[in-house]
Amino acid sequence: MSRDTPSDPSIGAELALVTRGIRKSFGRRIALADLDLRVPRGAIYVLVGPNGSGKTTLMRILLDVVRADSGVATVLGFDSVKDGAYARAACGHVGERRFAGYAWMKVRDLLAFQASYRPTWDKAYADALTKELDVRDHTTFGKLSKGEARRLQLVMTLAHRPSVLLLDEPTDGLDPVMRDRALRLLSRHLAENETSVLISTHLVSEVEGLGDQLGVLRDGVLSTQIDRVTLRTTLHSYTITAPIDWAGVPSLSGRIVSKYNGIGQQLVWIVWGDEREVVGKVTATGATVREVRQLSLERAAVYLMSERLDFSGTAPTSIISGAGGGK
Amino acid sequence: MTASSTRDQSQHRVVRFSRAVRLQLWLLWLSRRPVVLLAAMGAVEVLRRGLELTLNLPITLLVFFVGPIWAFAVWSGEPPSNRSYLWSQPASRTDQSLARVLAGLVWLLAAVVVVLATAVVTGAFAGIWSELKAVGFGFWVNLLVAPTIGYLMLSCLTVVFDRPGWWMLGIILLRSVIWNPESSFEPLGDFNIGHALAGQIGRISDPTKPGSPQWWISWPLWVTVLWLLIWGLARTHPDRLRSWLSEVVGRLSRT
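Everything quoted here is computed from the prediction, not taken from an experiment.

Helix and strand counts for chain B come out as 13 helices and 0 strands. Counting only residues that meet the buried cut, chain B has 32% of its 255 residues in that class. In chain B, 84% of the contacts between residues at least 6 apart in sequence involve partners at least 24 apart.

Encoded structure:
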């Protein structure tokens, strides 16, 4: 281990997590293809994607648990491969696997073992979290249910107050009451600690109030990477009433994320772009825009995940405010 | 200095090798595997001859076999494909792997020393003190060297492969075919492969002549070479090794 300063401090100052051209294959299956991720410092980045789209692999590459075939990944400026230990020192990770530890270990021993690896371990905080999440510390880890194991993982991850949190489906397996409690606890933790978060989840509604960045991963490709403000101002749902034999809006080609039929003759289009410009282009073709609606993070994620997009360079596929991360 | 920057700096602190070794010693102790090892070795000795020191080959064979078996036990339930917990800790992966191997070796030698000490004490009470004094220093050292070499040899496989047992059998068979093809399948034919394996390992540390000048040169050399090999393998990411191996297999199948 060579140093305790980032290999690229300029990156670490602005961006918490960066990947450049990350490529990873498992046999013939390409898990990640030339992935360029940028998570600004202090941001809560919600990563969505269908199962098998590469979310877990990406997090494991950031920790160098999985080694990419090519490309560079950094955590707070520390190269995940060259300075892997330092990158991991900055991270707390809730992984996809049920047993993040040793199944034969007593829970209290596992917590003590974890604490001995982490200089910033806060014993009082760990005790409080254990109590709040109702984790039984006298039982064996392997005997915990899926939900209990996940709660223990959250304690192990948060108790050392890491600068970067990598959360892979953090509420998976939790019952509704515990899920609510865990999310409130996570929200409080983020309010009290300056933390950058990369969170992957299928339940975007859970992190609706937390997330300020959205990334959509499809088949190993980061098809969209955008901050929430830009998303709110540039992706809208348009309810359109169109005349018979309407030819559509050719000038919006490449910007339409989704189209479906509404009530009666109405069409609903999800379109990228300035609202006034889109409305102008639609009305110019003889159609009428009845309603324009902002999309929730969840609805936006669903549309962006489910459609195969061809933006032809017109849509903001990689916009992050203040991060200089334009693609 | 703000609380945040203090936290940032302390989070850049990583676990060094010496601390990793201590943690791995503790981890193995918590797993109770050293106790099981000690109990198993003691039980084998008691069942075999009663509480009495034996200075012949069987005890040497016992310590030969203990090393390789312990190499499996040290990584039990934690093949490279399932080491994400260990490897997501703030320590170098190479250090973590070497620390585990070293911690395992420490517990192994501790168990061997306890069994031997018990055997010596009970042997002395049984009235064979003169025999004990008659054997050379090299004999006693060899009882530690033999399991060490067996353990380190198998650790080369357990450090990097998910199925080290299959790799071990493959290497033994390949070695037999290359160096002694006419008799390579004899041990399988007469169900005596265990003895054949013991012979292979035995020849490396030359247990028949412990204490000879060649022996004093050969075993430190073997231990050094094996540690270097483990270090090299531990440095290699399993994903890299896997893609390298599949590339080699692909080239071989094409030719």
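Below, the discussion takes up the interface of chain A and chain B. Listed by partner, the interface residues are 30 residues for chain A and 25 residues for chain B. Elements with a contribution of two residues or more to the side of chain A that touches chain B: helix 3 (84-89) and helix 4 (107-117) of chain A. With 5 residues, the top contributor of residues to the side of chain A that touches chain B is helix 3 of chain A. Looking at the side of chain A that touches chain B, its residues break down into 15 nonpolar, 7 polar and 8 charged.

This part is about the sheet that holds strand 11 (residues 235-241) of chain A. Residue and element names in this part refer to chain A. Spatial ordering of the open sheet is given by 12-13-11-14, a layout of 4 strands whose pairing is antiparallel. Both outer strands of the open sheet, strand 12 (256-261) and strand 14 (288-294), are each paired with one neighbouring strand and no more. Here the average twist between neighbouring strands, direction ignored, is 20 degrees. Bridge analysis of strand 11 against strand 14 gives 6 bridges, and the strand direction is antiparallel. From the neighbouring strand, Thr239 faces strand 14, where its bridge partner is Glu291. Running at roughly 155 degrees to strand 14, helix 9 (residues 275-283) makes contact with strand 11, strand 13 (266-272) and strand 14 of the sheet.

Think of a sheet as strands paired side by side through backbone hydrogen bonds, with each pair either parallel or antiparallel. All names here are of chain A. The 4 strands lie next to each other as 2-1-4-5, forming an open sheet whose pairing is antiparallel. With partners counted over all chains shown, the strands left at the sheet margins are strand 2 (29-40) and strand 5 (78-79), one partner each. Most of the contacts of helix 2 (residues 55-62) go to strand 2, to which it runs at about 65 degrees, and overall it touches strand 1 (15-26), strand 2 and strand 4 (70-75).

All names here are of chain A. Along helix 5 (residues 123-132), the positions that sit buried rather than exposed are Ala126, Leu129 and Thr130. Taken around the axis of helix 5, the buried residues stretch over an arc of 100 degrees, which confines them to a single face. Seen from the open side of helix 5, the exposed residues pointing more than 90 degrees away from its buried face are Ala124 and Lys131. Taken together, the buried residues of helix 5 touch helix 4 and helix 6 (146-158).

The element helix 2 of chain A is extensively covered by neighbouring structure, given that 7 of its 8 residues are classed as buried. Considered for burial, the residues of helix 2 of chain A that qualify are Lys55, Thr57, Leu58, Met59, Arg60, Ile61 and Leu62 of chain A.

Here we take up unusual backbone geometry. Residues and elements named next belong to chain A. One non-glycine residue, Asp134, adopts positive backbone phi at about 55 degrees. Here Asp134 shows up in the loop between helix 5 and helix 6. Positive phi is not limited to glycine here, since Glu169 has a value of about 50 degrees. As for its placement among the helices and strands, Glu169 is situated in the loop between strand 7 (164-168) and helix 7 (176-192). What makes Glu169 partly exposed here is the crowd of 17 C-beta atoms within 10 Å.

Our next topic: the packing of helix 6 of chain A against helix 7 of chain A. Residues and elements named next belong to chain A. Taken N-terminus to C-terminus, the directions of helix 6 and helix 7 make an angle of 5 degrees; their axes are 12 Å apart at the nearest point. By the angle class used here, helix 6 and helix 7 are roughly parallel. Taken together, the residues of helix 7 that come into contact with helix 6 (itself represented by Gly147, Arg151, Leu154 and Leu158) are Met178, Ala182 and His189. Taken together, the residues that form the contact of helix 6 with helix 7 break down as 4 nonpolar, 2 polar and 1 charged.

What follows concerns the packing of helix 6 (residues 93-125) of chain B against helix 8 (residues 137-158) of chain B. Helix-helix packing: each pair is described by the crossing angle between the helix axes and the interaxial distance. All names here are of chain B. The interhelical angle for the contact between helix 6 and helix 8, taken along N-to-C directions, is 150 degrees, at an axis separation of 10 Å. As judged from the angle between their axes, helix 6 and helix 8 are roughly antiparallel. At the point where helix 6 passes helix 8, the crossing takes the right-handed sense. When helix 6 is examined against helix 8, the residues Val101, Leu105, Leu108, Leu109, Val112 and Leu116 are found in contact with a partner set consisting of Leu143, Leu144, Pro147, Thr148, Tyr151 and Ser155. For the contact of helix 6 with helix 8, the class distribution of residues is 10 nonpolar, 2 polar and no charged.

Below, the discussion takes up the pairing of strand 8 (residues 196-200) of chain A. Residues and elements named next belong to chain A. Across the 5 residues that make up strand 8, a large majority, 5, are buried. In strand 8, alternate side chains face the same way, and those of Ser196, Leu198 and Ser200 on one face and Val197 and Ile199 on the other are all buried. Across 4 bridges, the pairing between strand 3 (residues 44-48) and strand 8 is parallel. Within strand 8, the position partnered with Tyr45 by the bridge is Leu198. Judged from the 5 bridges that link them, strand 7 and strand 8 form a sheet pairing that is parallel. Note that in strand 8 the partner of Leu166 across the bridge is Leu198.

Time to look at the environment of Ala39 of chain B. Mapped onto the elements of the fold, Ala39 of chain B is located in helix 3 (residues 33-49). With 72 residues separating them in the primary sequence, Ala39 of chain B and Ala111 of chain B have C-alpha atoms 8.9 Å apart.

So, on to the confidence of the model for chain B. Do not read the predicted coordinates in detail wherever pLDDT is low. All names here are of chain B. Averaged over every residue, the pLDDT of chain B is 78; the share at 70 or more is 75%. In the model of chain B, helix 10 (residues 186-189) stands out as the element of lowest mean pLDDT, 42, in contrast to helix 2 (residues 17-30), which has the highest, 96. For the stretch residues 184-207, pLDDT sits under 50, and the model shows 30 contacts to residues farther than four places along the chain or on other chains. The complex model carries a pTM of 0.83, and its ipTM stands at 0.82.

So, how was this worked out
Counting of residues starts from 1 at the beginning of each chain's written sequence and follows it residue by residue. As they are written, the chains are lettered A onward and the ligands numbered 1 onward, keeping that order. Residue-level local features of this predicted model are given only where pLDDT is at least 70; pairs of side-chain atoms are given and counted only at 80 or more, and the full residue set underlies all totals for whole chains, interfaces and linings. Elements are defined by DSSP. Helices are runs of H or I of four residues or more, strands are runs of E of two residues or more, and each kind is numbered from the N terminus. The burial criterion counts other C-beta atoms lying within 10 Å of a residue's C-beta, which is placed from the backbone; the residue is buried at 20 or more, exposed at 12 or fewer, and partly exposed between these limits. For every residue pair, C-beta atoms are placed from the backbone, and the pair is scored as a contact if these atoms sit within 7 Å. Here the term charged refers only to Asp, Glu, Lys and Arg, the term nonpolar to Ala, Val, Leu, Ile, Met, Phe, Trp, Tyr, Cys and Pro, and the term polar to all other amino acids, Gly among them. Each pair of strands is called paired provided DSSP finds at least two bridges between the two strands. To get an axis, a line is fitted to the C-alpha atoms, and for a helix only the part in contact is used. The angle between two axes follows their N-to-C directions and goes from 0 to 180 degrees. Here, the arc refers to the directions that run from the helix axis to the C-beta atoms. Here the word oblique covers every angle except those under 35 degrees (roughly parallel), over 145 (roughly antiparallel) and from 65 to 115 (roughly perpendicular). Working rule for handedness: look at the near helix, and if it is turned counterclockwise from the far one by less than a right angle, call the crossing left-handed; if clockwise, right-handed. Per residue, pLDDT measures the predictor's confidence, with a range of 0 to 100.

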